[in-house]
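Topology and contacts: notes
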Amino acid sequence: MFFTYFIGTAGSGKSTLTASFAEWLKDHELDVITVNLDPGVRNLPYVPDVDARDYIRVEDVMLNYDLGPNGALIASVDMMTGEIDKIKEEIADLNPEYVLVDTPGQMELFAYRSAGPLIVSALGGEGVASVYLVDPILAKNPYGYVSVLLLGISVEYRFQIPQVYVLSKVDLLEEEERQKILSWSEDFYKLAETIDKKFSGLRREMSLKIFSILNEMGRPGDLIPVSASRNEGLDDLYAMLQRIYAGGEDYLTFR
Ligand SMILES: Nc1nc2c(ncn2[C@@H]2O[C@H](COP(=O)(O)OP(=O)(O)OP(=O)(O)O)[C@@H](O)[C@H]2O)c(=O)[nH]1
Ligand SMILES: [Mg+2]
């Protein structure tokens, strides 16, 4: 089984991409299931095959532990680790080739508490990768672009699994904006050029230093432009994931 985790800032498009990519894989006659790990979500754009809400519901946690909605959500995500064996069993019973995992809306609950890495490690898999969604609204200016990449790298560092960076919801961008962001990802010197022109003082210096470290690390690699609502870029996403699954850990050193 190959596991793909969709991770990104709130509203970056994780659930919609999980839904569209699952449909795309099914259309290509591939065996796929979806797993919802967001115990607080009300509506999803797909019907999950395995659902954390069957084990933990934020409403129950609020009542049972006398917590407000935020505290209950944090506790619910933490409590998922106690249910992971059952979730794993459900997935194993279905035994698909691909498992798409939609993660909680607030990225920090999954990525920066112990639950996320524990769950990823407990579920295991023949191949594991994360898809980090870059919100186009944040990425439009170089300052936002660098910030959102840094966040992505921090997620990559935290999980220590191969990570694909996608530019989400590209249909919302003007062609010129889209090309500009993609050119920054393809050629970091273009980004340096923009930073050089637009910024001065400490911000310019800091941006250039960060940029130079990212460039040295070869991150993020080419951003894959994706539109879940228009089914655009899903073939490229699949090809990239296949490369990771075929190359395993080596992928990290080869890109
Ligand atoms: N135009 C456009 N809108 C999109 C696309 N993908 C998602 N959206 C919209 O963006 C909003 C957030 O999408 P979700 O898929 O719920 O994002 P999420 O990251 O799962 O959100 P949370 O789990 O709440 O953090 C919704 O209104 C979606 O309809 C896309 O490719 N294009
Ligand atoms: Mg979601």
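The structure contained in this document is the topic of the report that follows. (Residues numbered from 1 in each chain as written. Chains lettered and ligands numbered in written order. Predicted model: local features only at pLDDT ≥ 70, side-chain atom pairs only at ≥ 80, totals over all residues.)

Time to look at the overall build of the protein. Tallying secondary structure elements over the protein gives 13 helices and 7 strands in all. Relative to the 2.2 N^0.38 estimate, which gives 18 Å for 255 residues, the radius of gyration of the protein is 19 Å and therefore close to what a compact globule would have. With the C-alpha coordinates aligned to their principal axes, the bounding extent of the protein is approximately 55 × 45 × 35 Å. Expressed as a percentage of its 255 residues, the buried residues of the protein come to 42%. Restricting the contact set of the protein to residue pairs at least 6 apart, pairs at least 24 apart contribute 74%. (Helix = DSSP H or I, 4+ residues; strand = E, 2+ residues; numbered from the N terminus. Rg over C-alpha atoms; globule rule 2.2 N^0.38 Å. Buried ≥ 20, exposed ≤ 12 C-beta atoms within 10 Å, placed from the backbone. Contact = placed C-beta atoms within 7 Å.)

So, about the site of ligand 1. Residues in close proximity to ligand 1 total 15 residues, the closest being Gly 13, Lys 14, Ser 15, Thr 16 and Gly 105. Of all the elements, helix α1 (residues 14–27) adds the most residues to the shell around ligand 1, at 3 residues. Among the residues making up the shell around ligand 1, the classes are represented as 3 nonpolar, 9 polar and 3 charged. (Near = placed C-beta within 6 Å. Nonpolar A, V, L, I, M, F, W, Y, C, P; charged D, E, K, R; others polar.)

This brings us to the packing of helix α4 (residues 84–94) against helix α6 (residues 115–123). Their axes nearest at 10 Å, the elements α4 and α6 cross at an angle of 40°. Between α4 and α6, the angle falls in the class oblique. Judged by the sense of rotation from one axis to the other, the crossing of α4 with α6 is right-handed. Two secondary-structure elements touch here, α4 through Ile 84, Lys 88 and Ile 91 and α6 through Ile 119, Ala 122 and Leu 123. (Axes fitted to C-alpha atoms, helices over the stretch in contact; angles between N-to-C directions. Parallel < 35°, antiparallel > 145°, perpendicular 65-115°, else oblique. Left-handed = near helix turned anticlockwise from the far one by under 90°.)

All right, on to the packing of helix α8 (residues 142–159) against helix α11 (residues 201–217) then. It is at 11 Å that the axes of α8 and α11 come closest, and there the two elements cross at 45°. Overall, the two elements α8 and α11 adopt an arrangement that is oblique. α8 and α11 meet at a crossing whose hand is left-handed. Here α8 contributes Pro 142, Tyr 143, Val 146, Leu 149 and Leu 150 to the contact with α11, which in turn contributes Ser 207, Ile 210, Phe 211 and Leu 214. Looking at side-chain class alone, the contact of α8 with α11 contains 8 nonpolar, 1 polar and no charged residues.

The residue Lys 86 is located in helix α4 in this model. In sequence terms Lys 86 and Ala 52 are 34 residues apart; their C-alpha atoms lie 9.7 Å from each other.

Working note: non-glycine residues mostly have negative phi, and peptide bonds are mostly trans. The phi dihedral of Glu 29 falls on the positive side, at around 55°, and the residue is not glycine. For Asn 231, which is not glycine, the phi dihedral falls at a positive 55°. On the secondary structure map, Asn 231 appears in the loop between β7 (224–225) and α12 (234–247).

Most of strand β1 (residues 2–8) is tucked away, with 6 of its 7 residues classed as buried. Two elements, β1 and strand β4 (residues 98–102), share 5 bridges in a ladder whose sense is parallel. By the bridge assignment for β4, Phe 6 is matched with Asp 102. Pairing of β1 with strand β5 (residues 127–134) involves 7 bridges; the strand directions are parallel. Bridging from a neighbouring strand, Thr 4 pairs with Ala 129 of β5. (Pairing = 2+ DSSP bridges.)

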